[in-house]
Amino acid sequence: MNSKGLDYTALAISVIGAVNWGLIGFFRFDLVAFLFGDMTLISRIIYAVVGLCGLYLLSMFGRITSMGE
């Protein structure tokens, strides 16, 4: 099964989430809350999608190690 497009999409969303966490850690600035409101339905969906993409990318470790064998 070729899931390269899904892999790249999940990776891009996870990187955006990581940048947001970096902004929170360094500057106490939450970009998602700034753009969409503090814990509104839209911001909660965005946080959930970023979390799901991170969990999906955990499966990439298994696929990478199985490709090397």
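All values reported here derive from a predicted model rather than from experimental measurement.

Novice: So, the overall build of the chain: which residues are in play, and what are the values?
Specialist: If you tally the helices and strands in the chain, you get 3 helices and 0 strands. Listing the helices and strands of the chain from first to last along the sequence gives α-α-α. Computed over its C-alpha atoms, the radius of gyration of the chain comes to 14 Å, more than 25% above the 11 Å expected for a compact globule of 69 residues. Evaluated residue by residue, the chain yields a buried proportion of 17% over its 69 residues. For the chain, long-range pairs separated by at least 24 residues make up 53% of all intrachain contacts whose partners lie at least 6 apart in sequence.

Novice: Can you break down the packing of aromatic side chains residue by residue, with the values?
Specialist: Tallied over the full model, the rule gives 2 aromatic pairs. Measuring from ring centre to ring centre gives 6.4 Å for Phe26 and Phe27, while their planes differ by 55°; the resulting arrangement is tilted. Assigned by exposure class, Phe26 and Phe27 land together as exposed. Note on Phe29 and Phe34: the rings are 5.3 Å apart at their centroids and 55° apart in plane angle, and the pair reads as tilted. You can call Phe34 exposed: its relative accessible area is 59%.

Novice: Please give an account of a nonpolar patch on the surface that cites residues and values.
Specialist: Nonpolar side chains collect at one region of the surface, where Phe26, Phe27, Phe29, Leu31, Phe34, Leu35, Phe36 and Ile42 lie side by side and expose about 900 Å² of accessible area between them. The biggest single contributor to the nonpolar patch is helix H2 (residues 31-36), with 4 residues. As for its position among the elements, Phe34 is in helix H2.

Novice: How would you summarise unusual backbone geometry if you had to cite specific residues and measurements?
Specialist: Excluding glycine, residues mostly have negative phi values, and the peptide bonds linking residues are mostly trans. Positioned with a positive phi, Arg28 is a non-glycine residue whose angle comes to about 55°. With respect to the secondary-structure elements, Arg28 resides in the loop between helix H1 (4-27) and H2. One non-glycine residue, Met39, adopts positive backbone phi at about 55°. On the accessibility criterion, Met39 (49% relative accessible area) is partly exposed.

Analysis parameters
- Residues numbered from 1 in each chain as written.
- Predicted model: local features only at pLDDT ≥ 70, side-chain atom pairs only at ≥ 80, totals over all residues.
- Heavy atoms only, no water.
- Helix = DSSP H or I, 4+ residues; strand = E, 2+ residues; numbered from the N terminus.
- Rg over C-alpha atoms; globule rule 2.2 N^0.38 Å.
- Buried < 20%, exposed > 50% of the residue type's maximum accessible area, 1.4 Å probe, protein only.
- Contact = heavy atoms within 4.5 Å.
- Phe/Tyr/Trp six-rings, centres within 6.5 Å; stacked < 30°, edge-to-face > 60°.
- Patch = residues over 30% accessible without salt bridge, like charges linked within 9 Å, V, L, I, M, F, W, Y side chains within 5 Å.
- Areas by Shrake-Rupley, 256 points an atom, 1.4 Å probe, with all protein chains shown as cover.
- Salt bridge = Lys/Arg side-chain N within 4 Å of Asp/Glu carboxyl O.

So yeah, pure geometry; function would need other evidence.
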